[in-house]
Amino acid sequence: MDDELPTYPAGLRLSERRVVVVGGGHVAQRRVPQLIAAGADVHVVSPQVTPAIEGLAGAGEVTWHERGFEDTDLDDTWYCIAATDDGAVNEQVSAAAEVRRVFCVRSDDGTRATAWTPATGRHDGVTVAVLGNREPQRSARIRDEIVEQLREGTIAARRQRDRTPGVVLVGGGPGDPELISIAGRKALMDADVVVADRLAPRELLGDLPADVELVDVAKLPRGRSAQQEEINRVIVERALAGKRVVRFKGGDSFVFGRGYEEVLACREAGVPVTVIPGISSPVGVPAVVGIPVTHRGVAHEFTVLSGHLPPGHPESLTHWPAVAQLTGTLVLMMAVENAPAIAAALLDGGRDPGTPVGVVCDGTMPAERTVLATLGTLAEELAAQDVRPPAIIVVGDVVAVAHPEHFADH
């Protein structure tokens, strides 16, 4: 085969068609999920496979032939991949494929193959495939640049925005605009109306098309219940008027985001509503600063609590004496104001005053910082360090795992 001849690009539709992958190592492990996603009837031929492929076979997503390759494996096959670490076996697969007019990819020697695997990416219904004359790293870099520009809208080939009326709840993540999901960003750019929280990634609002109506929740009537009722009214009203509404929040809509109240309001009004989850701040923010909420041999559970009401408040639903008896990690949200009272309640309930505490302020944002304390010194450190919301407070030995130098005596 003349290696200098250009390839002829084509998109294969492999749904319910037999595809054979010879080899069960890491190359096969990368290729098999893509074939499954294309709907192919995938057969893996190999005496051994990776645990991941074995798991796919156990789930019925692929058929594993636990043996060496035989030429007849390619009978009635549409496409095959020779991915063993034995050149002779790969050559046998190539020869059997050639006789049967089956296009064959080879992981060891592209010059001996009849097909090459491009670097692929997808966005908004578009598949990008790049072939760089067997330069996989260059192909991947070009692919990534194209997909990124599609996501940002700098390539003017975007399809018409989805104008289907309804409401989409989008969790924007902890604040850094890079941490929103692809699905969340797409929904945001497809919106006619965006109803945004102050903690939603604000930089993304500047990317909205000029004709999108932006409703700033911070400017709605004050008071928690009144504000939520007005948000419900706005999203339902705009959706009933034929608009596609995105309710854009920080973190995740269902973790102290009152998102399900909005779902219920939409259902009551007969408005279609869907949910796109976001990275939840009580897990994502500690992770970004290197604090694990669980750690083997240290914490077998973590509990996320709202601190917007102090212990003993008549409307509080948290049983703080029981919380104090927990031995795992406590993650407190909306708790800066009531943190001294919460620390006192935990100490009264029996928690060790030397328990490490990490307070992550403005997590994932430019002003991000971490204040370290113990339950016994938390109130003092919050005042000394002038800690203000938003902040995530992590209570537990996992903080010492992340900062052993600070808690050397713990």
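Scroll up a little and you will see the structure.
Keep in mind the model is a prediction, meaning the values are calculated, not measured.

Visitor: Any chance you could explain the sheet that holds strand β4 (residues 79-82) here in plain terms?
Guide: Neighbouring strands of a sheet are bound in pairs by backbone hydrogen bonds; such pairs are parallel or else antiparallel. Taken in spatial order, the five strands of this open sheet run β3-β2-β1-β4-β5, and their pairing is parallel. Because the sheet does not close on itself, it has two edges, and the strands there are β3 (63-65) and β5 (103-106). Averaged over all pairs of adjacent strands, the angle between their axes in this sheet comes to 20°, without regard to strand direction. Across the face of the sheet, helix α3 (residues 87-99) comes into contact with β1 (18-22), β4 and β5 while running at roughly 165° to β5.

Visitor: Looking at this model, I keep getting lost on the pairing of strand β6 (residues 119-123). Mind explaining?
Guide: Regular strands have side chains that alternate between both faces of the sheet. A one-sided burial pattern is seen for β6, the buried positions being Ala-119, Gly-121 and His-123 and the unburied ones Thr-120 and Arg-122. In this sheet, strand β7 (residues 126-130) lies alongside β6 in antiparallel orientation, the contact comprising five bridges. Within β7, the position partnered with His-123 by the bridge is Val-126. In this structure, the hairpin formed by β6 and β7 is closed by a connection of two residues, where Asp-124 is found at a positive phi of approximately 55°.

Visitor: Even after reading the chapter, I still don't get the pairing of β5, so can you show me in this structure?
Guide: For β4 and β5, the ladder comprises four bridges, and the chain directions are parallel. Paired with Ala-82 across the two strands is Arg-106, which belongs to β5. The β-α-β motif built from β4, the intervening α3 and the parallel element β5 has right-handed crossover chirality.

Visitor: Teacher, can you tell me more about the nonpolar core here?
Guide: Most often, soluble globular proteins keep nonpolar side chains buried together rather than apart. Trp-320, Leu-332, Leu-346, Val-359, Leu-378, Val-387 and Ile-393 are the most contacted members of the largest nonpolar core, which totals 25 residues. Top contributing element to this core by residue count: helix α10 (residues 339-348), with five residues. Contact partners of Val-387, with chain neighbours within four places excluded, come to Val-336, Val-359, Cys-361, Arg-369, Val-371 and Leu-382. The next biggest cluster of nonpolar side chains, apart from the first, holds 18 residues, and it includes Val-21, Val-32, Val-62 and Ala-83.

Visitor: Would you mind going over the sheet that holds strand β17 (residues 391-395) with me for this structure?
Guide: Overall, mixed pairing links the five strands, which are arranged β13-β14-β17-β15-β16 in an open sheet. Edge positions in the open sheet fall to β13 (302-306) and β16 (369-374), since each of these has one partner strand only. Sheet twist, expressed as the average angle between the axes of neighbouring strands with direction ignored, equals 20°. Where strand β15 (residues 356-361) and β17 come together, five bridges link them in antiparallel fashion. In the sheet register, Cys-361 faces β17, and the bridge partner there is Ala-391. Sitting on the sheet, helix α8 (residues 281-288) touches β13, β14 (329-333), β15 and β17, and the angle it makes with β17 is about 80°.

Visitor: What is the right way to look at the packing of aromatic side chains in this model?
Guide: Working definition: an aromatic ring pair is given by the centre-to-centre distance plus the angle between the planes. Per the counting criterion, the structure on display carries one aromatic pair. Their ring planes at 70° and their centres at 5.5 Å tell us that Phe-254 and Tyr-260 sit as a pair that is edge-to-face. Judged by its relative accessible area of 41%, Phe-254 is partly exposed. The ring of Trp-78 carries the charged tip of Arg-17 above its face, separated from the ring centre by 4.5 Å.

Visitor: I would appreciate a short explanation of the pattern of salt bridges in the present structure.
Guide: Tallied over the full model, the rule gives 16 salt bridges. In this structure, Glu-91 engages Arg-112 in a salt bridge whose closest nitrogen and oxygen atoms are separated by 2.7 Å. Here Arg-112 lies in the loop between β5 and β6 and Glu-91 lies in helix α3, a separation of 21 residues in the sequence. Residue Glu-91 is classed as partly exposed on the basis of its relative accessible area, which comes to 29%. By sharing partners, the salt bridges in this structure join Glu-213, Glu-230, Arg-233, Glu-237 and Arg-238 into a single network.

Cut-off values and rules
- Residues numbered from 1 in each chain as written.
- Predicted model: local features only at pLDDT ≥ 70, side-chain atom pairs only at ≥ 80, totals over all residues.
- Heavy atoms only, no water.
- Pairing = 2+ DSSP bridges.
- Helix = DSSP H or I, 4+ residues; strand = E, 2+ residues; numbered from the N terminus.
- Axes fitted to C-alpha atoms, helices over the stretch in contact; angles between N-to-C directions.
- Contact = heavy atoms within 4.5 Å.
- Buried < 20%, exposed > 50% of the residue type's maximum accessible area, 1.4 Å probe, protein only.
- Right-handed = clockwise from strand over helix to strand, strands pointing away.
- Core = buried A, V, L, I, M, F, W, Y, C linked by side-chain atoms within 4.5 Å.
- Phe/Tyr/Trp six-rings, centres within 6.5 Å; stacked < 30°, edge-to-face > 60°.
- Lys NZ or Arg CZ within 6 Å of the ring centre and 35° of its normal.
- Salt bridge = Lys/Arg side-chain N within 4 Å of Asp/Glu carboxyl O.

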